[in-house]
Amino acid sequence: QVQLVESGGGLVQAGGSLRLSCRASGSTVSFNTMSWHRQAPGKERELVAAISRGGSTNYADSVKGRFTISRDNAKNTVYLQMNSLKPEDTAVYYCKAFGITGTAYWGQGTQVTVSS
């Protein structure tokens, strides 16, 4: 059974940085697109950044130039480096991964809080 486990969230002041990690465990499944999403209180979950197995990336306009997504296919791990954090980045961050058969897996989420 595949499990995605996020880590790296926490409380940071505006302008600070955090690095999120999401590792898939419990299976030898390989993944195609891996991505990070976030959900703030009272808002819908939104895509933050995505990366293909080959390394192509795309970002939400709100995080371009501040966040960087990367992955280590050998470790089935995806990362999100978040710099110049703003209070509006406060949310629960979730990772998502598509197996090669098309099955989507979600992590349990990690809280990121940016204080002003």
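The shown structure was predicted, so the numbers you read here are calculated from the model rather than taken from an experiment.

1. Concerning the overall build of the chain
If you tally the helices and strands in the chain, you get 0 helices and 11 strands. Order of helices (α) and strands (β) in the chain, N terminus to C terminus: β-β-β-β-β-β-β-β-β-β-β. Taken against the 2.2 N^0.38 rule, which gives 13 Å for 116 residues, the C-alpha radius of gyration of the chain at 14 Å falls within 12% of a compact globule. Its C-alpha atoms put the chain at 40 × 25 × 25 Å along the principal axes. Buried positions account for 41% of the 116 residues belonging to the chain. Considering only residue pairs separated by 6 or more positions, the chain has 52% of its internal contacts joining residues 24 or more positions apart.

2. Considerations on the pairing of strand 9 (residues 91-99)
When you tally the buried positions in strand 9, you get 7 out of 9 residues, the bulk of the element. Both strand 4 (residues 31-39) and strand 9 contribute to a ladder of 7 bridges, which runs antiparallel. Within the sheet, the bridge partner assigned to His 37 lies in strand 9 and is Tyr 94. In terms of strand pairing, strand 9 meets strand 11 (residues 110-115) through 3 bridges, oriented antiparallel. Across the sheet, residue Val 92 finds its bridge partner in strand 11, namely Gln 111. With 3 bridges joining them, strand 9 and strand 10 (residues 104-106) adopt antiparallel strand pairing. Following the sheet pairing, Phe 98 is matched in strand 10 by Ala 104. Two successive antiparallel strands, strand 9 and strand 10, enclose a turn made up of 4 residues, where Gly 102 displays a positive phi of approximately 100 degrees.

3. Observations regarding the pattern of salt bridges
Applying the stated rule across the entire model yields 4 salt bridges. The salt bridge involving Lys 64 is made with Asp 61; its shortest N-O contact spans 3.1 Å. Taking the relative accessible area as the measure of exposure, Asp 61 reaches 65% and is therefore exposed. The salt bridge partner of Asp 89 is Arg 66, with a shortest N-O separation of 2.8 Å.

The rules behind the values
Residues numbered from 1 in each chain as written. Predicted model: local features only at pLDDT ≥ 70, side-chain atom pairs only at ≥ 80, totals over all residues. Heavy atoms only, no water. Helix = DSSP H or I, 4+ residues; strand = E, 2+ residues; numbered from the N terminus. Rg over C-alpha atoms; globule rule 2.2 N^0.38 Å. Buried < 20%, exposed > 50% of the residue type's maximum accessible area, 1.4 Å probe, protein only. Contact = heavy atoms within 4.5 Å. Pairing = 2+ DSSP bridges. Salt bridge = Lys/Arg side-chain N within 4 Å of Asp/Glu carboxyl O.

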